[in-house]
Amino acid sequence: MIFTIRITAMVIRRAMEQVLSVLEAQLFQYFESDIRSAMEREAISDRVAIIPP
């Protein structure tokens with residue numbers, strides 16, 4: 001019984017580690033995309049500011 005509980009706890013722990021790893025990767029991709037978009041917007045506004053009216 002104790003052995004079964006211990007294996008179950010190990011499986012649950014491993015599953016949680018995998019879930020957290022996936023969430024971390026997705027969050028990193030989101031922030032990377034958000035930063036890239038902000039840099040593109042800034043570059044476009046800089047170019048528009050240079051164009052004479």
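Definitions and cut-offs
- Residues numbered from 1 in each chain as written.
- Predicted model: local features only at pLDDT ≥ 70, side-chain atom pairs only at ≥ 80, totals over all residues.
- Heavy atoms only, no water.
- Helix = DSSP H or I, 4+ residues; strand = E, 2+ residues; numbered from the N terminus.
- Areas by Shrake-Rupley, 256 points an atom, 1.4 Å probe, with all protein chains shown as cover.
- Lys, Arg positive; Asp, Glu negative; His and termini not counted.
- Charge placed at Lys NZ, Arg CZ, Asp CG, Glu CD.
- Patch = residues over 30% accessible without salt bridge, like charges linked within 9 Å, V, L, I, M, F, W, Y side chains within 5 Å.
- Salt bridge = Lys/Arg side-chain N within 4 Å of Asp/Glu carboxyl O.
- Buried < 20%, exposed > 50% of the residue type's maximum accessible area, 1.4 Å probe, protein only.

Asker: Account for the overall build of the protein chain, naming residues and giving values.
Answerer: Within the protein chain, the secondary structure is distributed over one helix and zero strands. Over its C-alpha atoms, taken along the principal directions, the protein chain stretches across nearly 80 × 10 × 5 Å. Here the protein chain displays about 5,400 Å² of accessible surface, and carbon together with sulfur accounts for 68% of that area. Charged side chains in the protein chain number 6 positive and 7 negative. The centres of these two groups are separated by 12 Å.

Asker: Mind laying out the environment of Arg 47, listing which residues take part and the relevant values?
Answerer: Structurally, the position occupied by Arg 47 is in helix α1 (residues 2-50). A C-alpha to C-alpha distance of 56 Å links Arg 47 and Met 10, two positions 37 residues apart in sequence.

Asker: Explain a nonpolar patch on the surface to me, using residue names and the numbers behind them.
Answerer: On the surface, a cluster of nonpolar side chains totalling about 560 Å² of accessible area is made up of Leu 27, Tyr 30, Phe 31, Ile 35 and Met 39. Within the secondary structure layout, Leu 27 lies in helix α1. Relative accessible area serves as the criterion here: at 48%, Leu 27 is assigned to the partly exposed category.

Asker: So what's going on with the pattern of salt bridges? Which residues, and what values?
Answerer: Any two side chains of opposite charge can pair, given that their charged atoms come close. One pass over the full model with this rule turns up three salt bridges. The shortest N-O distance in the salt bridge between Arg 36 and Glu 32 comes to 3.8 Å. One end of the pair is Arg 36 and the other is Glu 32, both in helix α1 and four residues apart, which spans about a single turn. Beyond isolated ion pairs, a larger network of salt bridges with shared partners links Arg 13, Arg 14 and Glu 17.

It is worth stressing that arrangement in space is one thing and function is another; only the former is reported here.
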